[in-house]
Structures are given as C-alpha cells and as structure tokens.
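Breakdown of the fold
Single-letter residue listing:
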Amino acid sequence: MKDQPAPPLLSNAEIADRLTSLAQLLSTQKENPFKVKAYRRAAETIRALPDSVEDLVRRDVDLTEYSRIGKGISNAIREIVLSGSLRKLESLRSQVTPEVAAINEYPRLDPKRVLRIYKKLKISSIEALKEKLETGEIARTLGVRMDQHVRQALIERREMPLYDAEDVVSAVEEYLLNRCGVSRAEATGDYRRRVEIIPEISFLIETGDFPAVIAKLERYGGKSELLDSGDSRAIFRLSSGTKLTVEAARKEKWGVALIACTGSENHLRKLADAGRNLKDLAKSKQSFPDETAAYTKLGLSFIEPELREGRDEVELAARSSLPVLVRATDIRGELHAHSTSSDGSHTIEQMAAGAREKGYEYLGISDHSQSLKIARGVPVKDLWLQIRFIDKLNQKISGIRILKSAEVDILADGSLDYPDERLRELDYTVCSIHSRFALGKTEQTERILRAMDNRYFTILGHPTGRLLLKRPGYEIDMQRVIEHARKNGCFFEINSSPDRLDLSAENARLSRDAGVKIAISTDAHSIRELDYINWGIDQARRAGLAGGEVLNCLAWPELQRIIKR
DNA sequence: GCCGTTTTCGGCCCGACTGTTTTCAGTCG
C-alpha cells in the first residue's frame, strides 16, 4: 500500500505572504511598479485557492495555469515550497535596515509611510507603533488615513465586503460538494442575509460522514485550523484568516436548521420572545424540509433572509403583512450609467444595447460634469452636443429610451457644476460630491442642502461617499438631508457599486420611512457593470423596500411625473 | 512580472487639486 503524502507544511496564505513581502521590499527599492503589482496579484490568487499550493508543487502541477501566475512567479513559489525560503527575499531583507526588515514581517504595511511615522513620533519598532496606534496618537498627529492604514495592516482584518465573500463562498461551496462528498451545501449567516460586510462564512450541509468532511476541510487552502468541533458543527480558521463554520443537518430538519443558521441573533431572539421556539421544532417528529414549512408551524409567513435582523419582521410575519420586497424583475431601467463621453468604456449606443439586452425600458446616461477632470468630465459645450445627439439617437433606435442626464458635481459651496440653462434641458440629474470630503459635518450638510435647493437637482448620488472597509465617507446629518429632500422633492440613490452600497440599508430605510423614494443605480462604467444592480437590490431588500418605493421600478411616464419639480 | 478577440512587445488608467507629512505624495472616479 502506498504511503499517504505527508501533510503540507506551508499553507497557501504563508506562501502568499512571502510574495507580498517581496513585493513590499521591491517597492521600497523603486523597482518597476508593475512588477511589484504582479507579485501582489499573484499572492491574491494563491490566497484564494482551495487546493494546497504545496501539494500542487510536489505533484509537479503547472502553476502558470492559474491566472496572474507566470513563469517567474511559478519558479519563486516552487523555491518557497521546496527550499523553505526565497533567496531573492532573503537577500533584499539583508540589504535593508533592521527597521525596514522588521516592518517587512507585516506584508501589508507600507514601509515608507511607517518610516514617516517613526520619524514624526520618534519611535523605531513595530511594538511602539502598535502602542501609538492604541493611544490614538497616530490618528491625532498623522491623520485618520494613516491610522487606518496601520490598523488594517497590523491587526489582521478578517471581514470582507459581500462582493469578496461571494468568491470565498463559491470556492468553499465547490470544495464541499466536489471534494468533501457533501450532497447539499448552502451558505447561511450574514452572507445569506446579504449584509454588506461579512465577518465570517458559514454553511449548512447534508452529509453521511461529518468527520470525513472535517478532515477534508482541514486541508482547505493547504492548511486550515480546526478551532472547535462537535457532532454536527465544526469551526475553522482558513489560512486566509476567514472563520468558517460548517453545520450539518438532516434532510427532514433542513428548514429549521436553515432558519437557525441564517437569522441574526436579534431575529432568533425575537422568535424566542414570541414563544416560537425553533428547538421544539428540531426535537419534534414532524418533518420540516424547507423554511416555509417551519415558519408556518411557528404561525408566521415566510420571512425573506434579508429581513431577518430582528426589527419588526416577526410581528409583521405574524400578521401576514410583510412587504413584498423589490426583485430584479421589477427593475425597469437604469438611471446612473456612464459612457465614453466621460470615463465609461462603452459608447452611449453600446450601453443602450446592453440595457435593452437586460430588458430595460430606459437608460439614463449620467456622465461626469466638467469639474471632474480625472474622469474626463464633459465640458458644458459638449453637454449641449450630447443632448442633441441623444435626441437624434432616440429617433433612430428602438426598444429602449435613452434619458438625458448628467452626474453633476456638487461644488464646495453647494452650487451645481453646470449652469441652470443647460441643466434644464436634461431629463433629470444625479448630483454627487467628488471633492472636499474633509469638510466638517455642518458645512458638508449645508453644502448638500444648498445643492438641493436648485430646482434641477433630482437624485443625490452615492450620498455618503463611503467605500466599504476603505474609506468611511464624509460626515453629514442624514436626518436633515432626508428632511430637505422630502421637502424639495429630491431623491436618493442606492449606488450598487459593490464597494460603495451607498445609501446603506439603514439610511435607505430612514429615507423610505420619510416617504422619499430611492433609485437603485449601478454607476456602471461598462455594459458588464449594469449587472451590479443585484448588489443594490440586496441592500434595498434589507431596507425593506417594495418595488413601488423604488424610482426605477416605475415606467418612464410615471417616473417623469414624479421627478418633475 | 504578467498578458494577449489589437498576441511575443509594449501596455499595465490618469491629471488636477489639496494641504500637511510642507514643496511632493495622497486623493478623487
């Protein structure tokens, strides 16, 4: 009998860290920035692989088959696996100062920035850096951006945007089904509720051999740490740092287990408080193959996963008065898309064809306004030409109407970036902030309120400017802005770009409660990005929005009537 | 160093504004 191969010594993440460290040192050496980027990207590829890279190397698999790994990096990986180290990395480390070498132990830290902190705060070690981070001195003396950089690089960040979680979930799902012999696997928890930031991944599975599944999962990504395990539940730390919980359920109790694994703590507590005990269902002899059967037994109508946050959904379900949440098929058009006129990658005609392909009735072309130079903002005289061009195009094409719009910059003083006589020729506007994020809360709020006073202001684009896990967004008094929008007949956007999702579900709910309708827009810069709509729909559903509360679920004549001021 | 429906070289956004780290790097889409 053949011997079992020895367990891999290196996890994929450990190999990826070596490549990232190399990239980091190369960047301090003023090496070709594209080469630096190549190492970083290859590291990302490896970090996301379910298969053990060490195994692949030992089995002589051609690593260049994987995207972003070519001959050079493939050889570097082989060297790391077979010799345990990377000569190029070691030699670079020996050439730099001990301080930089110490910084290099943290691949995500930018040495240049750290050295600046060292100089400013008169410190020289990671230890001291951590301490200054804790006391808040870095934020005070070097700004919040710097604080954020060090924080994310030093303290291992395990949460990720929903968009990234999608990749992890599908990789784990495939691994469970194809490598672990699981007959059924469904992602649960925050991911299933479509929460925009995912701290950990969880799955419900059906299997005849749970211990075998555990054993296989311990090899995920080369090596995964088993944190805890029981008869039907196991918790892992994947080598990438993500926590993974796997729970097994029998077919006849699947519905009950799915509710228990999906609901937020608050949702489950609300169920229990209302005397609707899931545990009784789990123990009973009755079969609950799906969630509807289980909810029915609890005296509730089916509650969509996105609503299971413990707000009012249990009460509403008991009265059968849950909202009918907006669905992809309710969307009748797109109101925020770019074209080659500014920084988009497809022409107006191509975008229109893409939107028609999606079954849309209309497409609003909202290119950037003149001030936003980096995005090739449309000069005022070219806007006039674009308006005429779209008029002609609408006569020529069929099956879709192109709406004349613009993503108009809200300037620092709250004025709009085009003169009124040009704005009045547009069907509507999306008005956004793209500069001066650092204004104080009052000033920033006043800026937006003043912009809303312009009668050609229609929709506030990406209202808080946040980028998930990257940038907090500017500070505004949301209640005042919502109230002003209601008074002036303005609207908000849920920007579906997966690193924005702005408005948040919470703010979208506030807006809805105030009676202010919301556009679910993609901010698409290409035909493909029109599909971002699904991320925005997820958030709208979390906000409890029904189709009737979404601007672009309306037919154009109705929409036109509503947005007219 | 990677990559190719412009395929073995020459690309891989980019350009003005902001403001403190202070005269250049970070930032905005």
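As shown above, the structure is provided for reference.
The notes below deal with the structure included here.

Each value, and the rule that gives it
- Residues numbered from 1 in each chain as written.
- Chains lettered and ligands numbered in written order.
- Predicted model: local features only at pLDDT ≥ 70, side-chain atom pairs only at ≥ 80, totals over all residues.
- Heavy atoms only, no water.
- Pairing = 2+ DSSP bridges.
- Helix = DSSP H or I, 4+ residues; strand = E, 2+ residues; numbered from the N terminus.
- Axes fitted to C-alpha atoms, helices over the stretch in contact; angles between N-to-C directions.
- Contact = heavy atoms within 4.5 Å.
- Buried < 20%, exposed > 50% of the residue type's maximum accessible area, 1.4 Å probe, protein only.
- 1 Å grid on protein atoms, 1.4 Å probe; cavity = no way out; pocket = protein on both sides within 12 Å on 5 of 7 lines; lining within 4 Å.
- Points joined across faces, edges and corners; volume = space filled by probe spheres on them.
- Nonpolar A, V, L, I, M, F, W, Y, C, P; charged D, E, K, R; others polar.
- Near = heavy atom within 4 Å.
- Polar contact = N/O pair within 3.5 Å; in protein donor to acceptor, adjacent residues only side chain to side chain.
- Core = buried A, V, L, I, M, F, W, Y, C linked by side-chain atoms within 4.5 Å.

Things to note about the sheet that holds strand S5 (residues 225–229)
On the basis of which strands lie adjacent, the open sheet formed by five strands has the order S2-S4-S7-S6-S5 and mixed pairing. Since the sheet does not close on itself, it has two edges, and those belong to strand S2 (184–187) and S5, each with one partner. Taken pair by pair, the neighbouring strands of this sheet meet at an average axis angle of 20°, ignoring direction. For S5 and strand S6 (residues 233–237), the ladder comprises four bridges, and the chain directions are antiparallel. Paired with Asp228 across the bridge in S6 is Ile235. This element, helix H14 (residues 254–262), spans S2, strand S4 (200–206) and strand S7 (243–248) of the sheet and lies at about 175° to S4.

Section: the pairing of S4
For S4, a buried count of six out of seven residues is recorded, marking the element as mostly surrounded by other parts of the structure. In the sheet, S2 pairs with S4 via four bridges, with the strands oriented antiparallel. Opposite Ala185, over in S4, you have Ile205 as the bridge partner. Two elements, S4 and S7, share six bridges in a ladder whose sense is parallel. Counterpart to Leu204 in the pairing with S7 is Glu247.

A closer look at the layout of surface pockets
Rolled over the atoms, a probe as big as a water molecule pinpoints where empty space is left. In this model, the second largest pocket occupies a volume close to 890 Å³. Forming the boundary of the second largest pocket are 33 residues, of which Glu247, Ala257, Ala260, Cys261 and Leu268 lie nearest the centre. Split by residue class, the lining of the second largest pocket holds 14 nonpolar, eight polar and 11 charged.

Quick notes on the protein's contact with DNA strand B
DNA strand B sits among 28 residues. The nearest are Phe34, Arg68, Gly70, Arg145 and His434. In this structure, a base oxygen belonging to DNA strand B sits 2.9 Å away from a side-chain N or O atom of Asn32. Separating a phosphate oxygen of DNA strand B from a side-chain N or O atom of Lys37 is a distance of 3.4 Å. Elements supplying a minimum of two residues to the surface near DNA strand B: helix H2 (33–47), helix H4 (71–83) and helix H7 (111–121). Sorting elements by how many residues they give to the surface near DNA strand B places H2 first, with five residues. Looking at the surface near DNA strand B, its residues break down into eight nonpolar, seven polar and 13 charged.

A word on the nonpolar core
In terms of nonpolar packing, the biggest core is built from 57 residues, with Leu363, Met452, Phe457 and Phe492 touching the most fellow members. Apart from residues no more than four positions distant in its own chain, Leu363 is found in contact with Glu334, Ala337, Met351, Ala352, Ala355, Ile400, Arg401, Ile402, Leu403 and Leu530. By size, the runner-up hydrophobic cluster in this structure holds 34 residues, among which are Tyr191, Phe210, Tyr220 and Phe236.

These results come straight from atomic positions and should not be treated as a statement about function.
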